[in-house]
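Chains, contacts and geometry: an overview
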Amino acid sequence: MDKQLPKSWHIDQRQLTPYLFLLPALLILGLTVFYPAIQAFYLSFTRYDLIDSPQWIGVANFRRLWADPIFWQTLRNTILYLVCVVPILVIAPLGLAILVNQKLRGIRWFRVAYYTPVIISMVVAGIAWKWLYADNGLLNQFLKFSGLSTEGIPWLTSPDWSIFSVMVVTIWKGLGYYMVIYLAGLQSIPEDLYEAAAIDGSDGFRKHWDITIPLMHPYLFLVAVISAISATKVFEEIYIMTQGGPLNSSKTIVYYVYEQAFQSLEISYACTIGLVMFMIILALSVLRLGVQRWEQRA
Amino acid sequence: MTTVSPEDIDRDALKRSGDSIVKRLILPISAALTVIFCLAPILWQLLTSFKVDADIAAIPNVYIPSRYTLDHYRALFERRPFFNYILNSAIVSIASTILALGLGAPAAYALARLKLQGERILLATILLVTLFPPILLFLGLLEVIRYLQLGNNYLALIIPYTAINLPLTILVMRSFFQQLPKDLEDAARVDGYNTGRMLLEIVLPITIPALVTTGILTFISAWNEFIFALTFITREDMKTVPVAGAQLGGASPFEVPYGPIAAATVLGTIPLVLLVLFFQRRIVQGLTAGAVKG
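Here goes a summary of the coordinates provided. Numbers given to residues run from 1 along each chain, matching the order in which its sequence is written. Ligands are numbered from 1 and chains lettered from A, in the order in which they are written. Only residues with pLDDT of at least 70 get local features here, since the model is predicted, and only at 80 or more are side-chain atom pairs given and counted; chain-wide, interface and lining totals rely on the full set of residues. Water and hydrogen atoms were dropped before computing side-chain values, which therefore reflect all heavy atoms in the structure.

**So, the interface of chain B and chain A**
- Note on definitions: a residue-residue contact is assigned when non-hydrogen atoms from the two residues lie within 4.5 Å. Contacts between chain B and chain A engage 97 residues on the former and 88 residues on the latter.
- Roughly 8500 Å² is buried in total at the junction of chain B and chain A, and carbon and sulfur atoms are behind 77% of that figure.
- Only one rule defines a salt bridge in this text: a Lys or Arg side-chain nitrogen within 4 Å of an Asp or Glu carboxyl oxygen. Counting across the chain B and chain A interface gives zero salt bridges.
- Whenever two N or O atoms come within 3.5 Å, that pair is a polar contact, provided that in protein one can donate a hydrogen and the other can accept it, and provided that, for residues adjacent in sequence, both atoms are side-chain atoms. The tally of links from chain B across to chain A stands at eight residue pairs in polar contact (both at pLDDT 80 or more).
- Here a helix means four or more residues in a row that DSSP labels H or I, a strand means two or more in a row labelled E, and each is numbered from the N terminus. Sort the elements by how many residues they give to the side of chain B that touches chain A and helix H1 (residues 6–50) of chain B lands first, with 17 residues.
- All amino acids are sorted into three groups, where Ala, Val, Leu, Ile, Met, Phe, Trp, Tyr, Cys and Pro are nonpolar, Asp, Glu, Lys and Arg are charged, and the leftover types, Gly among them, are polar. Considering only residue class, the side of chain B that touches chain A consists of 66 nonpolar, 22 polar and nine charged. Defined here as a combined quantity, buried area equals the accessible surface (1.4 Å probe) lost by two parts on assembly, summed across both.

Here is the structure:
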């Protein structure tokens, strides 16, 4: 390296530029993401309660995790969350994006309507929905009034319902967000492609099947990845609406991490749960990257 | 599709039978139902914020109140520094948006266009960031903030918000840059622009809609962030809107002051609604429209 310095020094004003472009972003990520992540990784092998300094205890936390039924339940809940929420958030927003991408009068108001939940803070959304879900809330009053149900539904108070009720809020807040991502993609499809397709007899809804979906493939993928990752990290809706209850029925892994860290002050155990969760997410994304690469090759 | 030739009309007539049910019935109905789904919870909050307490508590619900009041709004400003909350949220969100774009755009450009050793590893690293649940970063971050003495400082929020939003900014901007036709940059190189000037004077101006789109996503996420804001800022007059809203009693099941909470909802949301209304035409504009036509 040193021997080549004079020569490469000369070329490399220009070769250096890309790294200079990346450096500030990487620095801030290092400081606020990677350092804390490494810290959490270390703590998961220790006993630590914020008071005494961390004590190395090897894999004891992991053994405890393996035997912890609540961990397994929160894992199941998180997977259920993913399986239910992600497909809806990949497909429905694309439909909305296609709808609001049409050049119709007043369509912008639809766009604004669909986007509004995105801009509401989750805290406020959680409060608003908690209220709608209440025993005497808007939803149950509607059910009783319309005769669909005499008792009403225990949206947040029954273990059978709570997690699904929370999912609705996640979907409610996500629709418009992913719609905008799709919209950006739709705008980049040249108009003449549709015109050419129309000449070839592909019109109406077929044109979306023939042109939109294939060209939107990267965006579908992007939305799938983003929505999957955010679904595994769901926290605020649960914090506000159910606190993980009743009977842990709506407790996801992230909420469990929070509970262990900030309510039980089991800092290191919380880090262990978080680490395992991160590993699962990582495995999922690697798998998905593999699929993507395989698709591109095929 | 603006010019209609005779053939078009014939074909449309044939198509109409198949498409019309979908187009005239299912589409509008599902569009309208989705509008109701999206807006009902918000409108209910809006309505509640103007109801008197008796109407709020009434069962069955009062859909069309006979009395309206501004008391809940007055309470927010008289009993709490609500204007400060909004200001705090604005400062923190604007700063982290500008930072995320300022740091993210060059990084994205490097990853999209420039020759880079280990590009895949860098990209994977950035993707990795999006996988960490923020909760997991908490303790380490607390230490960083304590070390840098940033407790009760806007930077304690601005820096993490920037970091959290950087990966999305980079990934989205990168895909925008990749879609740009290369001609402009080639021409700029010929004209002797260096990479920095080219990015600043040629590439970024034609990606303004993309920057706005990405920036709005960042802004909203910063404005809405709750857990960091709850933990890193303890001084009452430096709190952000979501924290203030939640501390009005949202997380406790008893004695919920619905009226003031609803009013806080509305006030905290108005700036964002205005922002989206103002910028939405820009978001929607063609992303590279007109850039390479000449």
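**So, the packing of aromatic side chains**
- Geometry of aromatic contacts follows a simple scheme: Phe, Tyr and Trp rings, the Trp one being its six-membered ring, pair when their centres are within 6.5 Å, and the pair is stacked under 30 degrees between planes, edge-to-face over 60, tilted otherwise. Under the counting rule described, the total for this entry stands at 27 aromatic pairs over all chains.
- Aromatic pair Phe45(A) and Trp56(A): ring centres 5.5 Å apart, planes at 15°, arrangement stacked. Residue Phe45(A) is located in the loop between helix H2 (13–43) and strand S1 (46–47), and its partner Trp56(A) is located in strand S2 (residues 55–56); the two are separated by eleven residues in the primary sequence.
- Only protein chains enter the accessibility calculation, which uses a 1.4 Å probe; a residue is then buried when its area is under 20% of its type maximum, exposed when over 50%, and partly exposed in between. A relative accessible area of 17% places Phe45(A) in the buried class.
- Given the relative accessible area of 59%, Trp56(A) is considered exposed.
- An aromatic cluster is defined as three or more aromatic residues linked by ring pairs; in this entry it consists of Trp129(A), Tyr133(A), Trp155(A), Trp161(A), Trp172(A) and Phe37(B).
- Arg64(A) extends its terminal NZ or CZ atom over the ring of Tyr269(A), reaching a point 3.7 Å from the ring centre.
- Note that Arg197(B) overlies the ring of Tyr193(B), its terminal NZ or CZ placed 4.2 Å from the centroid. Any Lys NZ or Arg CZ that is within 6 Å of a ring centre and within 35 degrees of that ring's normal is treated as a charge sitting over the ring.

**A word on the packing of helix H8 (residues 162–187) of chain A against helix H11 (residues 217–232) of chain A**
All names here are of chain A.
- Orientation is described by axes fitted as lines to C-alpha atoms, over the contacting stretch for helices, and by angles from 0 to 180 degrees between their N-to-C directions. Interaxial distance between H8 and H11 falls to 10 Å at its minimum, and their mutual angle equals 160°. In terms of axis orientation, H8 runs roughly antiparallel to H11. Once H8 is placed against H11, the crossing between them reads as right-handed. Between H8, through Tyr177, Tyr178, Ile181, Tyr182 and Gly185, and H11, the contact on the second element is made entirely by Tyr219, Leu220, Leu222, Val223, Ile226, Ser227 and Ser230.
- Its residues assigned to classes, the contact of H8 with H11 comprises nine nonpolar, three polar and no charged. In what follows, roughly perpendicular refers to angles from 65 to 115 degrees, roughly parallel to angles under 35, roughly antiparallel to angles over 145, and oblique to any angle outside these ranges. For any helix crossing, the convention is left-handed if the near helix is rotated counterclockwise from the far helix by under a right angle, and right-handed if that rotation is clockwise.

Spatial relationships are all this shows, so hold off on functional conclusions.
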